[in-house]
Amino acid sequence: MKSIWVENPPHTTNPLTFFLFASRPHWKMATTASLFVVAASMLRALIPYVYKIIVDTTTHFTPSSYTALWHIAIVYIFLTLGGNLLWRASGFAGMYWGTGVRATTREVLTSYVTLHSHQYFSDRFAGSLSSKIKQAADSFREFVEIYLWQFLAFAVSVIASFVVVFLANPFLGFVLMALFIVITPLNIYFARKRVPISSATQTKETALTGVTVDMLTNITAVHEYARREFEIHRLRDFILARRISGLRNWRYGEWTLVTNNLVQSLFTGAMLLIAVYLFTHQAVTPGDIILFLSMIALIEDQLTFIGSQFNSFAES
């Protein structure tokens, strides 16, 4: 396991820079997991197009349609089976990357902290230092999960969905593109605004953890000097401060979701109205309608919670 240890950490406060550094020993698994996610997302985006072909084939059914339906059914089975296997393969590769980057981070930060002076440790709670190291390591593992199965999967789904819809109807494809052009920068803006709020929350959490650990570590002295009531009241102050900060952080996230839901509803409603209008003018087939509806259903959850994922990323 010596390969997971790294030397000379960068002197930076940028978490992404440090994350890339800690991921260096695990680049093979990171690349493998990313490729699996890309392939799985592309296969998933093709399934609505299969629905379109099935509907169009059954709508204009002829004796030769039997063979076509059997063929498309086999294609559907391979798409779903292949996609599921690729998702699971990304999970196996991702777990090595995620646990690896957490282990590397924990060793590097702990090793770095031990280089500080005696005065440094005298001025700080050991529990707080340990909590900060644990939070950083755990957050980098969460980085891996959010990147692979949220951001990367979303980005590939967006591109593949646009290509599929655009091939079916360019006008609706541009409407779908407009949705992504609006909602993605909007969520990046919200995420950047949330960073200081999340940072303050984590600072409160670290302080609370430090106070709790040190009180329990010195519980004998607390009892001997009859300081229990004092320590409990002090602990309550830290707990309340953490709760207030957590409420502010959570509230910001909920308003981000509200904004996402409104934007999503407007654009998906516009896509549906346009699709119906085109169908009444015989500009699209019934299969195209199914394609649009299936594509909306496919990306709807991702659109709804992409803001939440940006928030989680910012908090981590």
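Calculation rules
- Residues numbered from 1 in each chain as written.
- Predicted model: local features only at pLDDT ≥ 70, side-chain atom pairs only at ≥ 80, totals over all residues.
- Heavy atoms only, no water.
- Axes fitted to C-alpha atoms, helices over the stretch in contact; angles between N-to-C directions.
- Helix = DSSP H or I, 4+ residues; strand = E, 2+ residues; numbered from the N terminus.
- Parallel < 35°, antiparallel > 145°, perpendicular 65-115°, else oblique.
- Contact = heavy atoms within 4.5 Å.
- Expected span 1.5 Å × (residues − 1).
- Bend = angle between axes of the 7 residues up to and from the residue.
- Buried < 20%, exposed > 50% of the residue type's maximum accessible area, 1.4 Å probe, protein only.
- Phe/Tyr/Trp six-rings, centres within 6.5 Å; stacked < 30°, edge-to-face > 60°.
- Salt bridge = Lys/Arg side-chain N within 4 Å of Asp/Glu carboxyl O.

Student: If you had to explain the packing of helix 6 (residues 170-217) against helix 8 (residues 228-280) to someone new, which residues and values would you point to?
Tutor: A pair of packed helices can be characterised by two numbers: the angle between their axes and the separation between those axes. Between helix 6 and helix 8, the shortest axis-to-axis distance is 9 Å and the interhelical angle comes to 170 degrees. Judged by the angle between their axes, helix 6 and helix 8 are roughly antiparallel.

Student: Quick rundown of the packing of helix 1 (residues 15-23) against helix 5 (residues 126-168)? Include the residues and the values.
Tutor: Close contact between helix 1 and helix 5 brings their axes to 11 Å; oriented N to C, the two are set at 85 degrees. Classified by the angle between their axes, helix 1 and helix 5 sit roughly perpendicular to one another. Residues P15, L16, F18 and F19 of helix 1 form the contact with helix 5, whose participating residues are F140, F143 and V144.

Student: Please set out helix 5 residue by residue, giving values where relevant.
Tutor: With 43 residues, helix 5 extends 61 Å from end C-alpha to end C-alpha; this agrees with the ideal 63 Å at 1.5 Å per step. Considering bend angle alone, the principal kink of helix 5 is centred on Y147 and spans about 40 degrees.

Student: Which residues make up unusual backbone geometry, and what values go with them?
Tutor: Not every positive phi belongs to a glycine, and N8 is a case in point at roughly 55 degrees. With a phi angle near 55 degrees, Q282 is a residue other than glycine that sits in the positive phi range. Q282 gets classed as exposed once you look at its relative accessible area, which sits at 75%.

Student: How would you sum up helix 6? Please name residues and give values.
Tutor: Between its first and last C-alpha, helix 6 extends 66 Å over 48 residues, near the 70 Å set by a 1.5 Å rise per residue. Taken as a whole, helix 6 carries its principal kink of about 35 degrees at V195; the proline P196 stands between one and four residues after it.

Student: Run through the packing of aromatic side chains, naming residues and quoting values.
Tutor: This structure, assessed with the given rule, holds 15 aromatic pairs. Note on W97 and Y147: the rings are 5.8 Å apart at their centroids and 80 degrees apart in plane angle, and the pair reads as edge-to-face. One end of the pair, W97, is in helix 3 (residues 65-113); the other, Y147, is in helix 5, with 50 residues separating them in the sequence. Residue classification places W97 among the buried residues on the basis of a relative accessible area of 5%. With a centroid separation of 5.9 Å and an interplanar angle of 55 degrees, the aromatic rings of Y189 and F190 are classed as tilted. According to the relative accessible area criterion, Y189 is partly exposed, its value standing at 47%.

Student: Requested: an account of the environment of I219, with residues and values cited.
Tutor: Along the chain, I219 falls in helix 7 (residues 219-224). Sequence separation of I219 and L179 is 40 residues, and the distance between their C-alpha atoms is 57 Å.

Student: Describe in detail the pattern of salt bridges, supporting the description with residues and values.
Tutor: For the structure shown, the criterion picks out eight salt bridges. The partner of K52 in a salt bridge is D288, and the shortest N-O contact between them spans 2.7 Å. Of the two residues, K52 sits in helix 2 (residues 27-59) while D288 sits in helix 9 (residues 286-315), which places them 236 residues apart along the sequence. Residue K52 shares its accessibility class with D288, and that shared class is buried. The closest approach of N and O atoms between D138 and K134, which form a salt bridge, is 2.7 Å. Separated by four residues within a single helix, D138 and K134 lie in helix 5, roughly one turn from each other. Taking relative accessible area as the criterion, D138 reaches 17% and is therefore assigned buried. Through salt bridges with shared partners, a single network forms among K52, D56 and D288.

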